[in-house]
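Topology and contacts: notes
This is what each chain is made of:
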Amino acid sequence: MDARQVAAYLDRIGLPRPEHADAAALRALQLAHLHAVPFETLSVARGEPIVLTERALWEKLVERRRGGFCYELNGAFAGLLTALGHRVELLAGRVFGRDGRPGPPFDHMALRVLLDEPWLVDVGFGRFSHHPLRLDGRGEQSDPAGRFTLRPHGAELDVLMDGEPQYRLDLRPYALADFGPTCWWQATSPESHFTRSTTCSRLTGEGRITLAGTRLIRTGADGSRSEEQLTGEQALAAYREHFGIELDALPVSAPPRPGRH
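What comes next is a walk through the structure. These numbers come from a predicted model, not from an experiment.

**Structural notes on the pattern of salt bridges**
- This model, assessed by the stated rule, comprises 14 salt bridges.
- Here E40 ties to R66 by a salt bridge, and the two come within 2.7 Å at their closest N and O atoms. One end of the pair, E40, is in strand β1 (residues 39-40); the other, R66, is in the loop between α4 (54-63) and α5 (70-83), and 26 residues separate them in sequence. Note on accessibility: E40 and R66 belong to one class, buried.
- For the salt bridge of E48 with R64, the shortest nitrogen-to-oxygen distance reads 3.8 Å. Here the residue E48 occupies a position in the loop between α3 (42-46) and α4, and R64 occupies one in the loop between α4 and α5, the gap between them amounting to 16 residues.
- Owing to a relative accessible area of 19%, E48 belongs among the buried residues under this scheme.
- Residue R64 is classed as partly exposed on the basis of its relative accessible area of 46%.

In structure tokens form, the structure reads like this:
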């Protein structure tokens, strides 16, 4: 990522270039990213190829002012952090299902950022920590989103939020291309929950705002929740107003076409 791309990315998330690659800068970058760049699955619903290269991810998030799901959001953020002087490694996660079992390998992507101590950074899991988590910490870590605990499971690490397992991390570093096959499956398989519904969600100063299909959901920091059913035109306006996304038509739930990575 060159200087022009870095400047445009920082403009996208509304921050000046940090003076130092330290924990304070990392915290500010993560929080700004969560507020500015939505977790969204519009590409899946629209049958758009999801290309896991740094250039393609930058073009989507910055030039086209879109969001994405974990592989895209954390993949792009890793490129920005690296360009700003951070040492970043990509980690593979297995997301816990409702049955309490972890999903397949590479089900999720998170980041390890190596400063004086390693940090877990994740801007691609939807409702999750607002700030980086101490990767070596084994006690409870307080965050505006809740209470987080990192619990060893053999050579891996389970990440819990308010006592509930979220995902299991493989602590070995991987390359961006290693996530390609599972990303393709998540975006194209009828068995993937990403192909069954459309969501767009981001953090706000009041909590979180989500457009699930044509349902506009506001969740307060205190746990309060309101839901409004929108018409098609209202949903298109909500994409523009709340997420900065311009669509000519609503995405439809249809079998997506395979893409390349």
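Following the structure, the description resumes.
**A closer look at helix α7 (residues 232-243)**
- With 12 residues, α7 ought to run about 16 Å at 1.5 Å a step, and its terminal C-alpha atoms sit 16 Å apart, in line with that.
- When we look at burial in α7, the residues that qualify are A235, L236, A238, Y239, H242 and F243. Buried residues of α7, viewed axially, fall in a sector of 155 degrees; they line one side. Of the exposed residues in α7, the ones pointing more than 90 degrees away from its buried face are E233 and E241.
- Once α7 ends, the next one or two residues include G244, with phi positive near 65 degrees.

**Overview of the nonpolar core**
- Counting residues in each nonpolar core, the largest one holds 43 residues, and the members touching the most others are Y9, I13 and F77.
- Of all the secondary-structure elements, those providing two or more residues to this core are α1 (3-13), α2 (23-36), α4, α5, β2 (87-95), β3 (108-114), β4 (118-121) and α6 (180-188).
- Among the elements that make up this core, the one with the highest residue count is α5 (eight residues).
- Beyond its immediate chain neighbours, meaning those up to four positions away, I13 contacts L29, A32, H33, A36, V37 and L80.
- Counting 15 residues, the second largest nonpolar core, distinct from the first, contains L120, L150, V159 and Y167.

**Looking at the side chain of H33**
- Checked against the element boundaries, H33 lands in helix α2.
- Using a relative accessible area of 0% as the deciding quantity, one classes H33 as buried.
- A polar contact is formed between the side chain of H33 and the side chain of Y9, at a distance of 2.8 Å.
- In this structure H33 touches Y9, I13, L61, L73, F77 and V123, once residues within four positions along its chain are discounted.

**Things to note about the sheet that holds strand β13 (residues 225-229)**
- Read from one edge to the other, the open sheet built from five strands follows the order β1-β10-β11-β12-β13, with strand pairing classed as antiparallel. Only two strands of the sheet have a single partner each, and these edge strands are β1 and β13.

**Notes on the packing of aromatic side chains**
- Taken as a whole and assessed by the stated rule, the structure comprises 12 aromatic pairs.
- Measuring from centroid to centroid gives 5.3 Å for F69 and Y71, while their planes differ by 85 degrees, and the two rings are edge-to-face.
- Classification of Y71 as buried rests on a relative accessible area of 0%.
- Connected via pairs of aromatic rings, a cluster forms that spans F39, F69, Y71, F106, Y174, F179 and F194.

**A word on the sheet that holds β3**
- Within the open sheet, the eight strands sit side by side as β5-β4-β3-β2-β9-β8-β7-β6. Their pairing is antiparallel. Of all strands in the sheet, those with a lone pairing partner are β5 (133-134) and β6 (141-143), marking the two edges.
- Across the face of the sheet, α5 comes into contact with β2, β3 and β4 while running at roughly 20 degrees to β3.

The rules behind the values
- Residues numbered from 1 in each chain as written.
- Predicted model: local features only at pLDDT ≥ 70, side-chain atom pairs only at ≥ 80, totals over all residues.
- Heavy atoms only, no water.
- Salt bridge = Lys/Arg side-chain N within 4 Å of Asp/Glu carboxyl O.
- Helix = DSSP H or I, 4+ residues; strand = E, 2+ residues; numbered from the N terminus.
- Buried < 20%, exposed > 50% of the residue type's maximum accessible area, 1.4 Å probe, protein only.
- Expected span 1.5 Å × (residues − 1).
- Arc of directions from axis to C-beta.
- Core = buried A, V, L, I, M, F, W, Y, C linked by side-chain atoms within 4.5 Å.
- Contact = heavy atoms within 4.5 Å.
- Polar contact = N/O pair within 3.5 Å; in protein donor to acceptor, adjacent residues only side chain to side chain.
- Pairing = 2+ DSSP bridges.
- Phe/Tyr/Trp six-rings, centres within 6.5 Å; stacked < 30°, edge-to-face > 60°.
- Axes fitted to C-alpha atoms, helices over the stretch in contact; angles between N-to-C directions.

Coordinates in, geometry out; function isn't part of it.
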